[in-house]
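Given next are the chains, with one letter for each unit.
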Amino acid sequence: MAEVTVNELAKTVGASVDRLLLQMKEAGLSHTSADATVSDEEKQVLLGYLKSLHGEKSGEPKKIVLRRKTMSTLKSGNKKTVNIEVRKKRTYVKRSEEELETQAKVEAEQEARTEPVAPQVEFGTGIDDIEEKRQSAIEKRRTAEVEAKQAEEAEKERLDQEAKKAAEAAVVAEQEATKKPAKPAKEAVVEQPAPEKGRRHTKPVAEEDDDKIGRKAAKKPSLKSKKKPRVELDDGSEERSKGPRLKSGLSSVLKVDNKHVFKKPVDKKVIEVGVPDEISVADLAQLMSIKSGAVVKELMKMGVMATINEVIDQETAFLVVEELGHKPMAAANETLEDKLTQQFEDLNTDSDQQPRAPVVTVMGHVDHGKTSLLDYIRKSRVASGEAGGITQHIGAYHVDTPKGMVTFLDTPGHAAFTAMRARGAQSTDVVILVVAADDGVMPQTEEAVQHAKAAGVPLVVAINKMDKEGADPERVTTELAAKDVIPEDWGGDTQFIKVSAHSGDGIEELLEAVLLQAELLELTAPVDVPARGVVVESRIDKGRGVVATALVQQGTLRKGDFMLAGESVGKIRALNDDARKPTAEAGPSIPVEILGLDEPPQAGDEFFVVADERKAKEIAQQRQDKARKERFSRQQASKLENMFTDMESGEVSKLPLVVKTDVRGSLEALTSALNDFATDEVAVDIVASGVGGITESDVNLALTTGAIVLGFNVRAATVARELAEKEQIEVRYYSVIYNLLDEVKQALSGMLAPETKEEIVGIAEVRDVFRSPKFGAIAGCMVVEGVVYRNKPIRVLRDDVVIFQGELESLRRFKDDAQDVRNGMECGIGVKDYNDVKPGDKIEVYEITQVERTL
């Protein structure tokens, strides 16, 4: 086959020029334009590359099928048109080397038979004469082949003419037989087999009927009488070893019929959509196989403004799916986190259970002596080291008492630490409720009782400060009984112990009561399993990194274990006990300090020791993604709420703050307490918060947002402090939560708009009205109440109804101007811009004062 251009080759194979050029470039060819020529060798290279993409070998083709279809039109005498279609098919099969050699021998024998007399070689004839005669014989044979080809083409044309004549005769015969009016054009399909032709390299081996012979052609007659032959390659495995390729070199099946076989479904397909607890709009659209815009449009109809990246809850997603005609269902996909939890539950059930020490939480109102009570039991001085003498962190202590081993959790009593007390109640076996005998039941005492009951934890009441003069234990008992905490002496199930943390009275009885309660619970836990527990507190320690205080609930925690805690993961680098001494391992009910996590976990997060680090990191990433989506949802909700609130009540003044604390629990308590200060007019805007010292980035953020930096038990680094002084950023340090909350509350109070207060200072009654060319109507009045001032606003009342509000233009006593006129005196009053004063009216003088408001 002759060389063709890229454009012609693209039309032949049914592909676009750009795609063909891209494939040729990937095959290593240098063609860059549609007019570049493509040789046979380059076609073979392209074919080899395309075959390699489909896993086929790029060998030469074993079989080539040539099909040719021609269309012609025949008109009869009755103005009837007949479309004639002639289809031809020829197959070339590659032959083996043995067959080629055999064919060469046969041809040589035939030449020998046609020319039996060998050429006479006379004496003296040279080698050059013999070679000349051999070349002459080859030229004669080639001439004979060309003549045979011309004869073959002439035979084809004769057969085509005969086929047309036969079709025309058939139409005429049919019309004469029926003797009816001419019908619409019919088509006759005549198959014309191609004559065989013998060559040295190609040999036709099969003449097959096309499956399309006999079908009707298109109703509209084709204007083209000829079409280019379509080349197809049948590389079947049964004939891989036959015959050479076509001498033209075209060996690739590149013709593809670009027809769609997809049929549009008649009925709408209803999909069962599995919806998780939360799902983004884009994911929901993908589950229903529709565009995201349709889901957004449906949400807008429901009154929900959302973008494709926003997360919606399961209930809203159910409504959207139903509106779009599909069937929603709750997704019940088991996550890696669920599998991990179930794995530890199975370990806890199947493993050997051994007795463990009770975990006791000490709860109560602030300054009722919780930490002092623990100090006496531990023989330590923790309370004296606390800022302000109050506990602001959860402390975990392991104590060996004469009565047995006990783990104590000391919780804060301040109102801001509600979440800490709730975590303490959930992580414990027994709660000691400390109540001061001289103070009685207080708000945090009631809250502690509620937390204990919600967690289902038994209570032991310790009535403290019995050594003080104003101690009244009966009052405490009565008040607690009113809160449904009934002592055993009154027929209840709660033990009441009278103690004194100062003198130590009743401490032994308290420990006995706690251990008796723990014995009734029959506390056990597996030991020889991977550790599991709860994070009590976490912080960032300069020099040591992230430090987490954890309570082991089952298994044994060892140095070197890989731990997953909330959104944090890491390998344990060091373990310290409650006295901060290094330890190698910790069993159930033992509190330890852990070093090695990548970031501080949330206080209250559950931790697991896992063997597969990859799964642990995957679970942590899933938790981070979920937390990020929840934060985004809260932010969007708050933005909408704030927008509607601002539209209704005007702009809300906000106090921007950057809050840094020493531990995660304090940060949580401060954030909650600061947000509780919000009103309709003022609110706290926490721009950033975190655990650890105040850094340069914190100061830069405060500079950008105009925020105040608050440090709770932390200090600013040198660079951060210098930057704050240079930019005049206010940085405040606190060690007692009372002081921080009071100052923030005071600042918010200063941002409140002052309250306007109106006070009536004098009333004058109009007795007569005079006309003045300078001031107009002048009211002759008698001051009947208070004092009438010239520079204060006034109201004119008629029949006790305000008819005018303005100010005085003149106030005179006799003919002299006066600044004020007191009760019982006469005066003349000129009202500015008002002349309709009548006898009997009252002129009311008032003043407006502004009063500062507080939260």
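Please read these numbers as outputs of a predicted model, since none were measured by experiment. (Residues numbered from 1 in each chain as written. Predicted model: local features only at pLDDT ≥ 70, side-chain atom pairs only at ≥ 80, totals over all residues. Heavy atoms only, no water.)

Describing the overall build of the protein chain
Scanning the protein chain from N- to C-terminus turns up 19 helices and 39 strands. Burial statistics for the protein chain: of 855 residues in total, 41% are counted as buried. Sequence-distant contacts in the protein chain: of pairs separated by 6 or more residues, those separated by 24 or more amount to 71%. As presented, the protein chain carries roughly 49400 Å² of accessible surface, and 49% of it is formed by carbon and sulfur atoms. (Helix = DSSP H or I, 4+ residues; strand = E, 2+ residues; numbered from the N terminus. Buried < 20%, exposed > 50% of the residue type's maximum accessible area, 1.4 Å probe, protein only. Contact = heavy atoms within 4.5 Å. Areas by Shrake-Rupley, 256 points an atom, 1.4 Å probe, with all protein chains shown as cover.)

Description of the sheet that holds strand E20 (residues 545-554)
In a beta sheet, neighbouring strands pair by backbone hydrogen bonds and run either parallel or antiparallel. An order of E19-E20-E25-E23-E22-E26 is seen for the six strands of this closed barrel, with the pairing classed as antiparallel. Taken pair by pair, the neighbouring strands of this sheet meet at an average axis angle of 45 degrees, ignoring direction. Bridge analysis of strand E19 (residues 532-541) against strand E26 (residues 606-609) gives three bridges, and the strand direction is antiparallel. Residue Val 534 lies in a different strand from E26, and its bridge partner there is Glu 606. (Pairing = 2+ DSSP bridges. Axes fitted to C-alpha atoms, helices over the stretch in contact; angles between N-to-C directions.)

Focus: the state of the cysteines
This structure, assessed with the given rule, holds zero disulfides. Cysteine Cys 781 is unpaired, with the sulfur of Cys 827 as its nearest cysteine sulfur at 5.3 Å. Residue Cys 827 is classed as buried on the basis of its relative accessible area of 6%. (Disulfide = S-S within 2.5 Å.)

Description of the sheet that holds strand E28 (residues 682-691)
Across the sheet, which stays open at both edges, the four strands sit in the order E28-E27-E29-E30 with parallel pairing between neighbours. In the strand order of this sheet, the two ends are held by E28 and strand E30 (731-734), each with one partner. Here the strands of the sheet are splayed against their neighbours by 25 degrees on average, with no regard to which way each runs. Strand contacts of helix H16 (residues 664-675): strand E27 (653-661), E28 and strand E29 (708-712), with the helix running at about 170 degrees to E28, the strand carrying the most contacts. Packing against the sheet, helix H19 (residues 737-751) makes contact with E27, E28, E29 and E30, and its axis sits at approximately 165 degrees to E27.

Quick look at the packing of aromatic side chains
Under the counting rule described, the total for this entry stands at one aromatic pair. Centroid distance Phe 804 to Tyr 834: 4.6 Å. Interplanar angle 15 degrees. Geometry classified as stacked. Separated by 30 residues along the polypeptide, Phe 804 in strand E35 (residues 801-813) and Tyr 834 in the loop between strand E38 (826-831) and strand E39 (842-851) bring together distant segments of the chain. By relative accessible area, which is 19% here, Phe 804 ends up buried. In this structure, Arg 715 packs its charged tip against the face of Tyr 733, placed 4.7 Å from the ring centre. In this structure, Lys 792 packs its charged tip against the face of Tyr 789, placed 5.3 Å from the ring centre. (Phe/Tyr/Trp six-rings, centres within 6.5 Å; stacked < 30°, edge-to-face > 60°. Lys NZ or Arg CZ within 6 Å of the ring centre and 35° of its normal.)

Quick notes on the packing of helix H17 (residues 696-705) against helix H18 (residues 718-727)
Remark: H17 packs on H18, axes separated minimally by 8 Å, with the N-to-C direction vectors making an angle of 20 degrees. One way to sum up the angle between H17 and H18 is to call them roughly parallel. Touching Glu 696, Val 699, Asn 700 and Leu 703 of H17 are Val 719, Ala 720, Leu 723, Ala 724 and Glu 727, all from H18. For the contact of H17 with H18, the class distribution of residues is six nonpolar, one polar and two charged. (Parallel < 35°, antiparallel > 145°, perpendicular 65-115°, else oblique. Nonpolar A, V, L, I, M, F, W, Y, C, P; charged D, E, K, R; others polar.)

So, the pattern of salt bridges
If the charged atoms of two oppositely charged side chains come close together, the side chains can form a pair. Scanning the model with the defined rule gives 26 salt bridges in all. Note that Arg 475 and Glu 479 form a salt bridge whose closest N and O atoms lie 3.2 Å from each other. Placement of both Arg 475 and Glu 479 in helix H13 (residues 473-482) is noted, with a separation of four residues, approximately one turn of the helix. Looking at Arg 475, the relative accessible area reads 34%, which means it is partly exposed. For the salt bridge of Lys 660 with Asp 698, the shortest nitrogen-to-oxygen distance reads 2.7 Å. Pair noted here: Lys 660 is in strand E27 and Asp 698 is in helix H17, with a separation of 38 residues, a long-range link. In this pair, the class of Lys 660 matches that of Asp 698, namely buried. Linked through salt bridges whose partners overlap, the residues forming this network are Arg 539, Asp 541, Arg 544, Arg 580 and Glu 593. (Salt bridge = Lys/Arg side-chain N within 4 Å of Asp/Glu carboxyl O.)

Remarks on H13
Buried within H13 are the following residues: Pro 473, Val 476, Thr 477, Leu 480 and Ala 481. The buried residues of H13 all sit within an arc of 130 degrees when viewed along its axis, so they share a single face. Buried positions along H13 lie against strand E15 (430-436), helix H12 (443-455), strand E16 (459-464) and strand E17 (495-498). Just downstream of H13 lies Asp 484, where phi reads positive at about 70 degrees. (Arc of directions from axis to C-beta.)

Let's talk about the packing of helix H7 (residues 292-301) against helix H8 (residues 314-323)
Viewed as axis vectors pointing N to C, H7 and H8 meet at an angle of 110 degrees, and their least axial separation amounts to 10 Å. Taken together, the axes of H7 and H8 are roughly perpendicular relative to one another. Taking contact as the criterion, the partners of Val 295, Glu 298 and Leu 299 in H7 are, on H8, Thr 316, Val 320 and Glu 323. Per-class residue counts for the contact of H7 with H8 are three nonpolar, one polar and two charged.

Structural notes on the pairing of E16
Across the six residues of E16, six count as buried, placing the element largely inside the fold. Residues Leu 459, Val 461 and Ile 463 of E16 are buried on one face, and the alternating residues Val 460, Ala 462 and Asn 464, pointing to the opposite face, are buried as well. Crossover connection from E15 via H12 to parallel E16: handedness right-handed. Bridge count for E16 against E17 is four bridges, and the pairing is parallel. The residue of E17 that forms the bridge with Ala 462 is Ile 497. (Right-handed = clockwise from strand over helix to strand, strands pointing away.)

Thoughts on the environment of Val 663
Relative to the helices and strands, Val 663 is located in the loop between E27 and H16. The class for Val 663 is buried, based on a relative accessible area of 5%. Taking the C-alpha atoms as reference points, Val 663 and Val 714, 51 residues apart in sequence, are found 9.7 Å from one another.

Some thoughts on unusual backbone geometry
Phi is positive for Asp 799, which is not a glycine, with a value near 55 degrees. Mapped onto the fold, Asp 799 is located in the loop between strand E34 (793-798) and E35. At Asp 833, a residue that is not glycine, the phi angle is positive and equals roughly 60 degrees.

Details of the side chain of Thr 316
In this structure, Thr 316 sits in helix H8. When sequence neighbours within four positions are dropped, the list of residues in contact with Thr 316 reads Leu 299 and Met 302.

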